[in-house]
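Examination of the molecular architecture
Below are the chains, spelled out letter by letter.
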Amino acid sequence: MTTPLSPAQIARQIGEVLPEAVTDFNESAIFVSSEALFEVARFLKENLDLDYLASITAVDFFEHFELIYHLTSIKYNHSVVLKTRCYERENPTLPSLVSLWRGADLQEREVYDLMGVSFSGHPNLKRIFLWSGFKGHPLRKDYPNA
Amino acid sequence: MLKTEPIMINFGPQHPSTHGVFRMRVTFDGEVIVDLEPIFGYLHRGIEKLCESKTYTQIIPYTDRLDYLASMSNNFAYVMAVEKLAGIEIPERAQYLRVIVAELQRIASHLIAVGGFLNDLGAFFTPFMYMFREREKILDLFEMVCGQRLTYNYMRIGGVSHDIPPEFLPALKRFVDEMPGYIDEYDQLLAENEIVLARSKGVGVLPADLAINASASGPVLRGSGVRWDIRRADPYSIYDRFEFEIPVGKMGDTYDRYWVRIQEMRQSVRIVRQAMAELPQGEVRAKVPATLRPPQGEVYARIESPRGELGFYLVGDDSPHPYRFKVRAPSLINLTLLRDLCIGWKLADAIAILGSIDIVLAEVDR
Amino acid sequence: MGVLEQFQHWLLGYWPSWAAYLVPAIVAFLVLSSFILLVVMAFIYIERRGVGRFQVRLGPNRAGPLGILQPVADAIKVLVKEDIIPSRGDRRIHWLAPIIAFMPALAIFAVIPFGPRAIFTDINIGILYIIAISSLGVIGVFMAGWASGNKYSLVSALRTVAQLISYEIPLMLSIAGVLIISGSLSMVSIVEAQSIPFILLQPLGFLIFFVAATAELNRTPFDLLEAESEIVAGYHTEYSGMKFSLFYLAEYTHAFAISAIVATLFLSGWKGPFLPPALWLMIKVFLVFIVLFWARSTLPRLRVDQLMGFAWKGLFPLALLNLFITAAEAIIWPGFPWQLLILNLLIAALLIVLWSGLFRVAGERVSFHRYGRGIAKGMALTFRHLFRRPITVQYPEQRLTPAPRFRGNLLVWDEERCNGCRACARACPVSIIDIETKKGDKGLIVETLEIDFGRCLFCGLCVEACPVAALFMSRDYEQASYFRESLVVKKEQFIAAEKRPSAYAYPDLEAEMPPQTLLAPPKEKG
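Within any chain, residue numbers begin from 1 and follow the written order of that chain's sequence. Chain labels run from A onward and ligand labels from 1 onward, assigned in the order the entries are written. In keeping with the predicted nature of the model, local features appear solely for residues at pLDDT of at least 70, side-chain atom pairs appear and are counted solely at 80 or more, and the whole-chain, interface and lining totals rest on all residues.

1. Section: the overall build of chain C
In DSSP terms, a helix is any run of H or I states spanning at least four residues, a strand is any run of E spanning at least two, and both are numbered starting from the N terminus. When helices and strands are tallied, chain C shows 19 helices and 7 strands. Taken against the 2.2 N^0.38 rule, which gives 24 Å for 526 residues, the C-alpha radius of gyration of chain C at 32 Å runs more than 25% over that of a compact globule. Dimensions along the principal axes, computed over C-alpha positions, put chain C at roughly 110 × 60 × 50 Å. Split into buried and exposed, the 526 residues of chain C put 41% on the buried side. Atoms counted for the radius of gyration: C-alpha only. Globule rule: 2.2 Å times residue count to the power 0.38. Note on burial: count the other C-beta atoms lying within 10 Å of the residue's C-beta; 20 or more is buried, 12 or fewer is exposed, in between is partly exposed, and C-beta positions come from the backbone.

If you want it as structure tokens, here you go:
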């Protein structure tokens with residue numbers, strides 16, 4: 001059984017190294033500030049052996065975008081859910097995690113294409129499913145439904 | 001010194017061996033691949049957006065159309081996510097039926113994967129036809145329980161749509177009795193064939209650490225020797241009750257991925273046997289309101305689909321429609337490393353490597 | 001003296017010399033090409049049917065009795081197709097290529113003996129002529145690949161040249177062994193020299209020749225130039241119509257020619273008891289061809305570097321050794337007594353075992369040291385499938401009964417029971433059910449009902465939603481129309497339609513339904 005690590009405990013661990021990185025946590029996830037995302041991810045990968053980035057999801061909550069990273073450790077079979085929020089709507093940008101996990105490559109491109117969140121430091125950030133001249137990002141809630 | 005220039009060839013979107021409308025822009029030096037860029041999106045239907053305006057029950061037929069070679073698995077993962085979100089308990093019998101059909105689906109899907117892979121190696125449809133023969137029997141069984149042969153729409157939130165008809169179990173028994181014999185036949189046809197070995201051993205090697213780092217899953221990850229199967233690592237439904245092994249490869253080459261699939265079929269037959277023996281009587285569907293309104297919240301449910309970790313991320317908001325519906329598509333994420341695997345190999349190997357990753361474009365593009 | 005020369009000599013007595021030389025040539029060409037056309041059609045027929053049986057299918061059986069007219073139908077289909085020349089291609093070369101590919105295959109037949117005197121022209125260097133002519137076909141293939149202006153074709157053309165030139169050498173060297181034993185280059189004398197078929201005296205030579213010839217024919221496992229899964233159709237990707245059919249014809253003519261050469265050089269040609277010589281030759285030709293497509297339906301294909309390695313590291317030294325051993329035997333035992341047969345078999349086995357240890361691909365990881373055991377096992381398995389019952393059915397005469405709860409293509413609507421509650425329309429995921437109702441004496445009356453089956457998912461949710469059992473899935477599974485509009489089914493059509501409801505969502509109905517046709521387990525005859 002994959003054991004979810006306690007967010008409170010991890011938030012404390014992160015806080016010791018990176019103060020002010022963790023903005024909040026609840027019973028299932030840790031919220032980190034978007035500026036500290038890369039540092040936190042690196043900390044989690046190196047210190048907690050979270051070697052497997054299962055999935056990246058972006059949700060549009062109108063006032064902010066929420067990015068959810070499901071991290072798993074194949075070695076110890078535990079998991080952490082990392083969340084970050086991006087409050088800008090015009091040009092939301094987050095640090096790319098491709099240099100930590102190659103698996104983020106296509107998933108970040110997908111988020112960029114459909115949700116319009118760009119990732120700084122991504123080696124090949126361009127639209128993945130839609131063509132390059134496409135206007136808008138369909139998974140945003142304000143994208144007009146046909 | 002002869003002056004040479006690289007040649008760029010577009011494989012697809014219309015090509016016999018790209019398993020759908022997938023496109024690879026490949027640069028060759030002679031026949032050796034120096035660069036490869038996968039291009040997606042020719043089958044993008046916007047299912048994630050579409051499902052935000054459907055009720056939770058109406059989404060089930062749409063999940064059929066993600067990975068159309070493993071519709072049952074998609075149904076399974078999706079209804080699990082919704083049940084987790086709404087906190088629904090499902091009856092025992094439904095759990096067993098779900099496991100039976102999901103494992104049959106795994107066999108059916110692996111049959112296509114292996115058959116298609118051998119076609120990519122250049123076999124003239126013979127292994128493909130033999131494997132289709134067995135898949136056809138599984139489709140007959142599925143038709144018996146749910147009335148369709150490809151897009152099953154079998155599982156419902158809270159159970160499955162129908163109980164099995166009385167003739168199902170005898171037919172299933174006959175199938176699980178003869179299936180190991182057929183797998184032996186495939187082994188006889190292929191496992192020792194010198195040409196298959198020469199074409200697949202050592203080709204497209206994916207080291208274990210890279211496979212993990214690139215979020216590969218399913219037979220691709222296990223072919224690299226990582227013993228990671230969600231049925232065992234994070235047991236969902238009732239998988240903790242069955243005995244089965246997780247076959248893993250040694251080197252992570254195309255042969256190991258092919259071998260893992262063949263072995264997984266044997267294990268799936270084993271699981272189906274156990275589930276058949278233990279199948280309890282009773283209801284197959286829990287009482288669920290006709291229009292389900294799950295509470296506010298979010299859930300990530302994942303299963304081991306034939307292609308890897310299939311996850312559904314749902315955000316509920318008290319309305320009959322999900323606020324966000326996201327699919328973690330194993331086919332797409334397994335393609336992350338396609339370029340790394342192919343570079344340095346020959347034209348023919350790129351086809352074999354792509355075949356051994358086993359993608360379904362409807363899931364890649366969604 | 002060949003048939004052609006005899007005809008010329010006879011004509012010279014009556015006609016001027018130019019006519020006496022020209023007319024027999026034209027007549028010979030016409031006779032030969034129509035004969036070849038017949039044989040090629042037979043080849044295509046038995047290959048398509050045979051591969052079908054290897055794959056537990058029925059194979060083509062619609063055109064004529066047992067599908068015997070299938071090649072004719074194929075030919076007509078190909079010939080009436082539009083002829084396309086790629087705009088970026090080279091027009092003239094595109095035209096010439098199929099002709100150049102086809103002619104050499106045809107010309108080989110000039111020296112194939114169908115009987116002791118049934119040969120067009122018994123030139124005393126028959127073998128040399130064959131080798132010279134048959135290599136010319138590659139020029140046609142290369143021209144086709146180049147002129148198509150298509151990258152797949154170009155890759156195929158380059159592969160062709162590399163492959164054919166490499167395999168030509170072991171091919172010739174393996175023939176040399178035969179020449180040493182027979183002591184002649186003439187095809188007739190070679191057949192006459194075979195008191196024991198040379199396959200027994202030259203087992204290794206035969207194997208090398210057969211493998212190299214398979215490569216010359218571009219047949220599996222050496223079909224790299226038209227490798228469908230890699231380069232679509234190779235050099236003839238851009239060909240259609242008449243020109244494509246010429247390539248097709250050339251391929252099979254070449255297969256016929258090579259089969260005939262194998263039969264002549266190694267299987268003692270026309271010789272055989274009771275039956276007429278020409279018939280014996282044809283029997284042997286068909287046997288060789290059957291082995292060719294048997295291998296095709298079993299084996300995958302080699303990669304280009306493995307293919308070249310096999311030619312240069314495997315076949316070439318083996319052919320040289322074989323030539324050397326045969327020459328030594330010719331000096332020690334000039335009469336080639338039959339006891340040599342055993343010795344040669346042993347030598348062949350030894351050399352194959354020794355040589356197969358040499359093959360290592362992908363570093364040191366894979367070797368061919370199994371001496372082809374795996375290939376033999378696979379061939380045995382496909383052979384066994386030849387006798388299994390085919391699993392395909394003769395649709396539309398033979399129809400399968402779907403499962404009782406089959407979700408077929410149309411819905412069955414019961415007007416009496418429907419109360420117009422629109423539950424089905426609400427349940428439909430694609431919103432294709434359009435119902436309008438008005439108030440009647442006893443509840444609602446359905447005024448319009450329209451369902452667009454062009455968009456239907458056949459998910460069955462509408463049937464499940466119906467509270468009054470007025471809507472059923474149907475058990476039909478054929479749906480075709482030329483117009484999308486005709487897939488929109490209206491109320492009147494629902495009422496008029498033949499009602500064959502399925503038991504989907506109504507388990508009570510299941511008992512009276514006919515049982516589903518299940519795929520029966522294949523029975524083995526032997």
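After that view, the rundown keeps rolling.
2. Looking at helix α2 (residues 17–54) of chain C
Here α2(C) spans 54 Å end to end across 38 residues, near enough to the 56 Å set by a 1.5 Å rise per residue. The set of residues buried in α2(C) consists of Pro24(C), Val39(C), Val40(C), Phe43(C), Ile44(C), Tyr45(C), Glu47(C), Val51(C) and Phe54(C). Note on contacts: each residue gets a C-beta atom placed from the backbone, and two residues are in contact if those atoms are within 7 Å. In this structure, the buried residues of α2(C) make contact with α5 (126–146) of chain B together with α1 (3–12), α3 (70–79), α12 (241–266), α13 (277–296) and α16 (373–385) of chain C. To estimate the expected span of a helix, count its residues, drop one, and scale the result by 1.5 Å.

3. Quick look at the interface of chain B and chain C
Contact with chain B, which involves 55 residues of that partner, is made by 58 residues of chain C. If you list the elements that add at least two residues to the side of chain B that touches chain C, you get β1 (7–11), α2 (56–64), α4 (92–120), α5, α6 (168–191), α7 (194–200) and α14 (347–357) of chain B. Broken down by element, the residue count for the side of chain B that touches chain C peaks at 8 residues, all from α5(B). Amino acids are sorted into nonpolar (Ala, Val, Leu, Ile, Met, Phe, Trp, Tyr, Cys and Pro), charged (Asp, Glu, Lys and Arg) and polar (every other residue, Gly among them). In the side of chain B that touches chain C, the residues fall into 24 nonpolar, 15 polar and 16 charged.

4. What to know about the sheet that holds strand β6 (residues 297–305) of chain B
Residues and elements named next belong to chain B. Strands sit in the order β6-β7-β8 across an open sheet of 3 strands; the sheet is antiparallel. The sheet terminates laterally at β6 and β8 (324–328), the two strands that pair on one side only. For this sheet, the mean angle separating the axes of adjacent strands, direction not counted, is 10°. If DSSP finds at least two bridges between two strands, the strands pair. Note: strand β7 (residues 308–316) against β8, 5 bridges, orientation antiparallel. Bridge pairing in β8 links Tyr-313 to Lys-326. Under this scheme, a helix contributes an axis fitted over its contacting stretch, all axes are lines through C-alpha atoms, and angles between N-to-C directions fall in the 0 to 180 degree range. Strands β6 and β7 of the sheet are contacted by helix α3 (residues 71–86), whose axis makes an angle of about 150° with β6.

5. Quick notes on the pairing of strand β5 (residues 65–73) of chain A
Successive side chains on a regular strand alternate, one facing one side of the sheet and the next facing the other. All names here are of chain A. Most of β5 sits inside the fold, with 8 of its 9 residues counted as buried. Sheet topology places strand β4 (residues 52–60) next to β5; 8 bridges connect them, and they run antiparallel. Its bridge partner lying in β5, Thr-57 is registered against Ile-68. The antiparallel hairpin formed by β4 and β5 contains 4 residues in its connecting segment, where Phe-62 sits at a positive phi of about 65°. Two strands pair when backbone bridges link them, and β5 and strand β6 (residues 78–86) are joined in this way by 9 bridges, in the antiparallel orientation. If you follow Phe-65 over to β6, its bridge partner there is Cys-86. Counting the residues between successive antiparallel strands, the hairpin from β5 to β6 contains 4 residues, one of them, Asn-77, with a positive phi of roughly 55°.

6. Focus on the pairing of strand β4 (residues 433–440) of chain C
Residue and element names in this part refer to chain C. Where β4 lies against strand β5 (residues 443–452), 8 bridges are found, and the strand directions are antiparallel. Across the sheet, Ile-433 pairs through a bridge with Ile-451, a residue of β5. Linking β4 back to β5 in an antiparallel pair, the connection comprises 2 residues.

7. Quick look at the sheet that holds β4(C)
Residues and elements named next belong to chain C. Spatial ordering of the open sheet is given by β4-β5-β7, a layout of 3 strands whose pairing is antiparallel. Sheet topology places β4 and β7 (488–490) at the edges, where each strand pairs with a single neighbour. For this sheet, the mean inter-axis angle between neighbouring strands, taken without regard to orientation, is 20°.

8. Concerning the interface of chain A and chain B
Facing 24 residues of chain A, the contacting portion of chain B comprises 30 residues. For the side of chain A that touches chain B, the secondary-structure elements that each account for two or more residues are β4 and α3 (104–115) of chain A. Of all the elements, β4(A) adds the most residues to the side of chain A that touches chain B, at 6 residues. Taken together, the residues that form the side of chain A that touches chain B break down as 13 nonpolar, 8 polar and 3 charged.

9. Description of the packing of α6(B) against α16(C)
Interhelical geometry of α6(B) versus α16(C) gives an angle of 130° and a closest axis separation of 7 Å. Taken together, the axes of α6(B) and α16(C) are oblique relative to one another. Facing α6(B), whose interface residues are Glu185(B), Gln188(B), Leu189(B) and Leu190(B), α16(C) presents Lys377(C), Gly378(C) and Leu381(C). Here the contact of α6(B) with α16(C) is built from residues that sort into 3 nonpolar, 2 polar and 2 charged. In this scheme, roughly parallel covers angles under 35 degrees and roughly antiparallel covers those over 145, while 65 to 115 is roughly perpendicular and the rest are oblique.

10. Some thoughts on the packing of α2(B) against α3(B)
All names here are of chain B. It is the contact of α2 with α3, at a shortest axis distance of 8 Å, that shows an interaxial angle of 150°. One finds that α2 runs roughly antiparallel with respect to α3. The crossing of α2 and α3 is right-handed. Where α2 abuts α3, its residues Tyr-56, Ile-59, Ile-60, Thr-63 and Asp-64 lie against Ser-71, Asn-74, Asn-75, Tyr-78, Val-79 and Val-82. Residue composition of the contact of α2 with α3, by class: 6 nonpolar, 4 polar and 1 charged. Should the near helix be turned counterclockwise from the far one by less than a right angle, the crossing is left-handed, whereas a clockwise turn marks it as right-handed.

11. Quick look at the confidence of the model for chain C
All names here are of chain C. Taken as a whole, chain C shows an average pLDDT of 81; of its residues, 95% reach a score of 70 or greater. The score called pLDDT rates the predictor's confidence residue by residue, from a low of 0 to a high of 100. Note that residues 522–526 has pLDDT below 50 and, in this model, 9 contacts with residues that lie over four places away or in other chains. Across the predicted assembly, pTM comes out at 0.87 and ipTM at 0.86.

12. With respect to the nonpolar core
Ala350(B) and Val262(C) are the most contacted members of the largest nonpolar core, which has 267 residues in total. If we ignore the near neighbours within four places in the chain, the residues touching Ala350(B) are Val26(B), Ile33(B), Leu36(B), Cys342(B) and Trp345(B). Here, a nonpolar core denotes buried Ala, Val, Leu, Ile, Met, Phe, Trp, Tyr and Cys residues that are linked to one another through C-beta atoms within 7 Å. Formed by 27 residues, the second largest nonpolar core is a distinct cluster that contains Val412(C), Ala427(C), Leu449(C) and Cys456(C).

13. Some remarks on unusual backbone geometry
Put simply, Tyr395(C) and Pro396(C) share a cis peptide bond, and its omega is 5°. Look at Ser215(B): it is not a glycine, yet its phi comes out positive at around 55°. Position of Ser215(B) relative to the elements: it lies in the loop between α8 (208–213) and α9 (219–223). Given 29 C-beta atoms within a 10 Å radius, Ser215(B) is considered buried. One non-glycine residue, Arg422(C), lies in the positive phi region at around 65°. As for its position among the elements, Arg422(C) is in the loop between β3 (411–413) and α17 (423–427).

14. Let's talk about the arrangement of the chains
Interchain contacts are distributed over 2 pairs of chains, and the most extensive set of them lies between chains B and C. Chain C makes no contact with chain A, the minimum C-alpha separation between the two being 14 Å.

15. Observations regarding the domain arrangement of chain C
By a frequent convention, interface size equals the accessible area lost on bringing the separate parts together. Throughout, the edges of the domains are those of an automatic or database domain assignment. Assigned domains of chain C: these are domain 1 (3–385) and domain 2 (411–512). The C-alpha centroid of domain 2 of chain C is placed 61 Å from the C-alpha centroid of domain 1 of chain C.

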